[in-house]
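Working through the structure, step by step
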Amino acid sequence: MRDTMWIYTLMFFFSEAWSQNPVDRYESFNLEHDATLMCSNRTWKETMYVIWKVHLKNKQACQISFNSDGQSINSCGAGKSLQNTSRAQSYLHIKNFSKKDVGIYICESPYSRGNDNYRIHVSANVPPTIKSWLEYEDNKMVAVCIAEGGNPKSNISWSNGRNGSVETLPGSDGFFTVKSVLEIPEGTNRENLSCVVQYPYWKHPETVIPELREGQTLIEEVKDNFLWVWVVVIVAAVVFIAGILFFAQKKLTKLRQCKRSESSLSKPPRMEDVEEVEPYASYIQRVNSIYN
């Protein structure tokens, strides 16, 4: 017990004596894979001890240490441990790396001629979730593409060679969300339009074709539908008016025929002209007068 206390007292003494501002480093690891952090490439023949101070989000800081005499401390739990390479180099092993292991790892490893001291910013390699759609903004059609919740940051481009506006939105837990908006001129062929997302750890970029958001309708479709509605309405009105005129003409013809038949029935029968017959006595008298 006294030896152990003496060792840690000596470690603390050297740590304070050789303390210096740590050098910042940045490391990232794939999720659900084992991760390895090295503080120094020196072997145990040169190294006096190694101390790791781990600062995770929403967790109390913990410490892992080991000295050349074989004394060790581990308050970080079973998921993290100090191990050695085949060349007797010390490294910190993180089993099954997850988002919970993201944080700052400070290491210190003194040796006979100096001290290795690093502040390592550890992050997770998380591929983004890609979304893309079409919508209307200020009566103009735009294509929107989002690479959400990724680390490192993704790059967005468009298949037609045009560059849209790109912005990086604040994300949670150090992850990035990149958004690109491309204005689409009227009459542009949208069939070949696609969003291209490049992520540093993908072998090939991902391509997504933007679709119209649910509940929205293309202006061109609205115009076409509106035109067809008007065509249908006009045709229906013409047919309706023509039908009315046809039946009205037919009805009028029948009324005229009825009037003619009624007028013919109401007139008295036509009397033939009869030559007035002269009385026989007058006739004889007129004839006698001619002879006389």
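As the structure is a prediction and not an experimental result, all values here were calculated from the model.

With respect to the overall build of the chain
- On a plain count of helices and strands, the chain comes out with 3 helices and 17 strands.
- Sequence-distant contacts, at least 24 apart, represent 59% of the contacts inside the chain between residues at least 6 apart.
- For the chain, the computed accessible surface area is about 20900 Å², with 54% contributed by carbon and sulfur atoms.

Focus on the sheet that holds strand β14 (residues 176–183)
- Here we have 5 strands laid out as an open sheet, ordered β13-β14-β11-β10-β17, and mixed in their pairing. Edge positions in the sheet fall to β13 (165–169) and β17 (211–212), since each has one partner strand and no second.
- Pairing geometry for strand β10 (residues 129–137) and strand β11 (residues 140–150), over 9 bridges, is antiparallel. Looking across to β11, one finds that I130 is bridged to A147.

Some details on the side chain of N115
- Structurally, N115 is set in strand β9 (residues 114–125).
- In this structure the side chain of N115 is engaged in a polar contact, spanning 3.0 Å, whose partner is the side chain of E108.
- One polar contact links the side chain of N115 to the main-chain amide nitrogen of S109, over a distance of 3.4 Å.

Structural notes on the sheet that holds strand β3 (residues 49–56)
- With mixed pairing, 6 strands are arranged side by side in an open sheet as β1-β9-β8-β3-β4-β5. Of all strands in the sheet, those with a lone pairing partner are β1 (23–30) and β5 (72–74), marking the two edges. Ignoring strand direction, the axes of neighbouring strands in this sheet form an average angle of 20 degrees.
- Two strands pair when backbone bridges link them, and β3 and strand β4 (residues 62–67) are joined in this way by 6 bridges, in the antiparallel orientation. Bridge pairing in β4 links V50 to F66.

Digging into unusual backbone geometry
- Residue P152 is bonded to the preceding N151 through a cis peptide linkage, with omega at 0 degrees.
- The topology assignment puts P152 in the loop between β11 and β12 (155–158).
- Unusually for a residue other than glycine, E32 sits at a positive phi of about 65 degrees.
- Residue placement: E32 occurs in the loop between β1 and β2 (35–37).
- Owing to a relative accessible area of 66%, E32 belongs among the exposed residues under this scheme.
- Of note, N96 is a non-glycine position whose phi angle comes to about 50 degrees, a positive value.

A short note on the state of the cysteines
- Under the criterion given, the structure shown has 3 disulfides.
- Two residues, C62 and C76, share a disulfide whose sulfurs are 2.0 Å apart. A torsion of 100 degrees about the S-S bond marks the disulfide between C62 and C76 as right-handed. In this pair, C62 sits in strand β4 while C76 sits in the loop between β5 and β6 (80–84), placing the two residues 14 residues apart along the sequence.

Some points on the side chain of D116
- Structurally, the position occupied by D116 is in strand β9.
- Within the structure, the side chain of D116 is placed 2.7 Å from the side chain of S40, a separation counted as a polar contact.
- Beyond its immediate stretch of four places on either side in the chain, D116 contacts C39, S40, R42, C107, E108, S109 and Y111.

Cut-off values and rules
- Residues numbered from 1 in each chain as written.
- Predicted model: local features only at pLDDT ≥ 70, side-chain atom pairs only at ≥ 80, totals over all residues.
- Heavy atoms only, no water.
- Helix = DSSP H or I, 4+ residues; strand = E, 2+ residues; numbered from the N terminus.
- Contact = heavy atoms within 4.5 Å.
- Areas by Shrake-Rupley, 256 points an atom, 1.4 Å probe, with all protein chains shown as cover.
- Pairing = 2+ DSSP bridges.
- Polar contact = N/O pair within 3.5 Å; in protein donor to acceptor, adjacent residues only side chain to side chain.
- Axes fitted to C-alpha atoms, helices over the stretch in contact; angles between N-to-C directions.
- Buried < 20%, exposed > 50% of the residue type's maximum accessible area, 1.4 Å probe, protein only.
- Disulfide = S-S within 2.5 Å.

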